Amino acid sequence: MQVDFYQLAGTPMEAVVPQLAAKVLESGERLLIVAEDETLRALLDNALWTREPASFLPHGGADDRPELQPILLAESVEPKNGARFTMLADGIWRDAALDADRVFYLFDTDRLDEARTAWRSLSAHDDVEPRYWKQDNGRWRQGP
């Protein structure tokens, strides 16, 4: 399985999540977006509606018939929409995400130590491929 570490450096979460979510949907996959904080989930909900006016991303929350949602916003790692891709959007690493086929772990400088700890732990797993992504002139590039 693959874990993609995305260090947010100046780009707000509400801009990054719709970009990545759109790519997941384009690939034909479903996505679970996890954020414990209700305020962050509301911000991401709004971003998925309005970030790109011409490209609404179909999504819903745990109370919106989750099994039907291509993108599900939730407070815990329970893919009630059948998603095999999980995005940890609040910077908190959760080992339960390792049940997915692919994990997007988004974090900022406030969570850098936690991300480093997760990287070291995941690097010890034979069946996990951690990859690090950083921004370079507004584009995401895989780092060392």
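Further up the page is the structure itself.
Values in this document were obtained by computation on a predicted structure and should not be read as measured data. (Residues numbered from 1 in each chain as written. Predicted model: local features only at pLDDT ≥ 70, side-chain atom pairs only at ≥ 80, totals over all residues. Heavy atoms only, no water.)

1. Topic: helix α2 (residues 38-50)
Taking 1.5 Å per residue as the helical rise, α2 with its 13 residues ought to reach 18 Å, and the 18 Å between its terminal C-alpha atoms agrees with that figure. Buried within α2 are the following residues: L40, R41, L44, A47 and L48. Summarising the axial view, the buried residues of α2 lie within an arc of 120 degrees, below the 170-degree limit, and thus occupy one face. Counted as exposed and oriented over 90 degrees from the buried face of α2: E38 and T39. Looking at the buried residues of α2, the elements they touch are α1 (13-26), β2 (31-34), β3 (59-61) and β4 (71-74). Where α2 begins, the capping side chain belongs to D37, and its oxygen is found 3.2 Å from the backbone nitrogen of T39. (Helix = DSSP H or I, 4+ residues; strand = E, 2+ residues; numbered from the N terminus. Expected span 1.5 Å × (residues − 1). Buried < 20%, exposed > 50% of the residue type's maximum accessible area, 1.4 Å probe, protein only. Arc of directions from axis to C-beta. Contact = heavy atoms within 4.5 Å. Polar contact = N/O pair within 3.5 Å; in protein donor to acceptor, adjacent residues only side chain to side chain.)

2. Examining helix α3 (residues 112-123)
With twelve residues, α3 extends 16 Å from end C-alpha to end C-alpha; this agrees with the ideal 16 Å at 1.5 Å per step. Burial in α3 covers these residues: A115, A118 and L122. Burial along α3 is one-sided: seen end-on, the buried residues are contained in an arc of 60 degrees. Residues D113 and R120 are exposed on α3 and point more than 90 degrees away from its buried face. Of the surrounding secondary structure, the elements contacted by the buried residues of α3 are β1 (2-7) and β6 (102-107).

3. Describing the layout of surface pockets
Space inside the largest pocket adds up to approximately 300 Å³. Along the wall of the largest pocket there are 17 residues; nearest its centre are R41, G61, A62, L73 and A74. At the level of elements, α2, β3 and β4 are the ones that each hand at least two residues to the lining of the largest pocket. For the lining of the largest pocket, the element with the most residues is α2, which contributes four residues. (1 Å grid on protein atoms, 1.4 Å probe; cavity = no way out; pocket = protein on both sides within 12 Å on 5 of 7 lines; lining within 4 Å. Points joined across faces, edges and corners; volume = space filled by probe spheres on them.)

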